[in-house]
Amino acid sequence: MTGIHTGDVDVTVTLHETEPAPDNGGWHEIVEVSAHSASGELMVRGMMDDLDEELPVLSFNGPGDYRLRVHARGRDTAVDLAPDEITERYLIQSWPAPAQEVTVLRRADAYGVSVRAP
């Protein structure tokens, strides 16, 4: 979930044959999740608009199980606003891996705390 209500965010996708090291460069939240792609076409899509550029297919090795490590920063900058400038950045690392439980590597933004609150 993004912190902003409407607007652009910066998303980078990197593909890896094996588990990469987490990118610890200033990320506020880092979480790993498993995803299964039956079609081999697991992709990042815009919710209400097309992306400015196509990102790599997350399931780059075809159908099967993948691990996604999602990094986020900037979600506290413009919560529920529609900023003209990009305030949020995301990095998604993808690699083939058997399904596993969700793993939280870092939780440090206030927006994330509010989303997780019961």
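Anything mentioned here points back to the structure above.
Residues numbered from 1 in each chain as written. Predicted model: local features only at pLDDT ≥ 70, side-chain atom pairs only at ≥ 80, totals over all residues. Heavy atoms only, no water.

> Please explain the packing of aromatic side chains as it appears in this structure.
To describe a pair of aromatic rings, you give the distance between the ring centres and the angle between the ring planes. With the rule as written, the count across this model stands at one aromatic pair. The positively charged end of R73 is found above the aromatic ring belonging to W27, 3.9 Å away from the centroid. (Phe/Tyr/Trp six-rings, centres within 6.5 Å; stacked < 30°, edge-to-face > 60°. Lys NZ or Arg CZ within 6 Å of the ring centre and 35° of its normal.)

> Quick question: what am I supposed to make of the pairing of strand β4 (residues 89–96) here?
The two faces of a sheet get side chains in turn, since along a regular strand they alternate between them. In terms of residue burial, β4 counts as a mostly covered element, since six of its eight residues are buried. Examined bridge by bridge, strand β1 (residues 10–15) and β4 share six bridges and lie parallel to one another. Bridging across to β4, T12 finds its partner in L91. (Buried < 20%, exposed > 50% of the residue type's maximum accessible area, 1.4 Å probe, protein only. Helix = DSSP H or I, 4+ residues; strand = E, 2+ residues; numbered from the N terminus. Pairing = 2+ DSSP bridges.)

> Just checking my understanding: could you explain the side chain of R75 for this structure?
The residue R75 is located in the loop between β3 (64–73) and β4 in this model. A polar contact of 2.9 Å, which involves the side chain of R75, links it to the backbone oxygen of M1. Here the side chain of R75 touches D109 through a polar contact of 2.9 Å, side chain to side chain. Not counting residues within four places of it along the chain, the set of residues in contact with R75 comprises M1, T2, G3, E29, E88, Y90, D109, Y111 and G112. (Polar contact = N/O pair within 3.5 Å; in protein donor to acceptor, adjacent residues only side chain to side chain. Contact = heavy atoms within 4.5 Å.)

> Can you walk me through unusual backbone geometry in this structure?
Leaving glycine aside, a negative phi is the common case for residues, and trans is the common case for peptide bonds. Phi at D80 takes a positive value of approximately 60 degrees, unusual for a residue other than glycine. As for its position among the elements, D80 is in the loop between β3 and β4.

> Help me understand the pattern of salt bridges in this model?
Note on pairing: side chains with opposite charge can pair once their charged atoms come close. Throughout the structure, instances matching the rule amount to seven salt bridges. Residue R69 pairs with E32 through a salt bridge whose shortest N-O separation is 2.7 Å. Of this pair, R69 sits in strand β3 while E32 sits in strand β2 (residues 29–37), placing them 37 residues apart in sequence. The pair R69 / E32 is uniform in exposure class, with both members buried. Across the pair R75 and D109 runs a salt bridge, and its minimum N-O distance is 2.9 Å. (Salt bridge = Lys/Arg side-chain N within 4 Å of Asp/Glu carboxyl O.)

> Hey, could you run me through a negative patch on the surface in this one?
Residues D8, D10, D49, D50, D52 and E53 make up a contiguous surface patch of negative charge. Residue position: D49 is located in the loop between β2 and β3. (Patch = residues over 30% accessible without salt bridge, like charges linked within 9 Å, V, L, I, M, F, W, Y side chains within 5 Å. Areas by Shrake-Rupley, 256 points an atom, 1.4 Å probe, with all protein chains shown as cover. Lys, Arg positive; Asp, Glu negative; His and termini not counted. Charge placed at Lys NZ, Arg CZ, Asp CG, Glu CD.)

> Help me understand the environment of G3, please; the structure alone is not making it clear to me.
Along the chain, G3 turns up in the segment before β1. C-alpha of G3 to C-alpha of T77: the two residues are 74 residues apart in sequence and 7.8 Å apart in space. In contact with G3, not counting residues within four places along its chain, are R75, A78, V79, D80, E88, Y90 and Y111.

> For this particular structure, what's the right way to read the environment of T14?
Assignment of secondary structure puts T14 in strand β1. The exposure class of T14 is partly exposed, given its relative accessible area of 25%. Taking C-alpha positions, T14 is 10 Å from F60, a pair spaced 46 residues apart along the chain. For T14, the residues in contact, after removing those within four places along its chain, are L91, I92, Q93 and S94. Only 2.8 Å separates the side chain of T14 from the side chain of H16, close enough to count as a polar contact.

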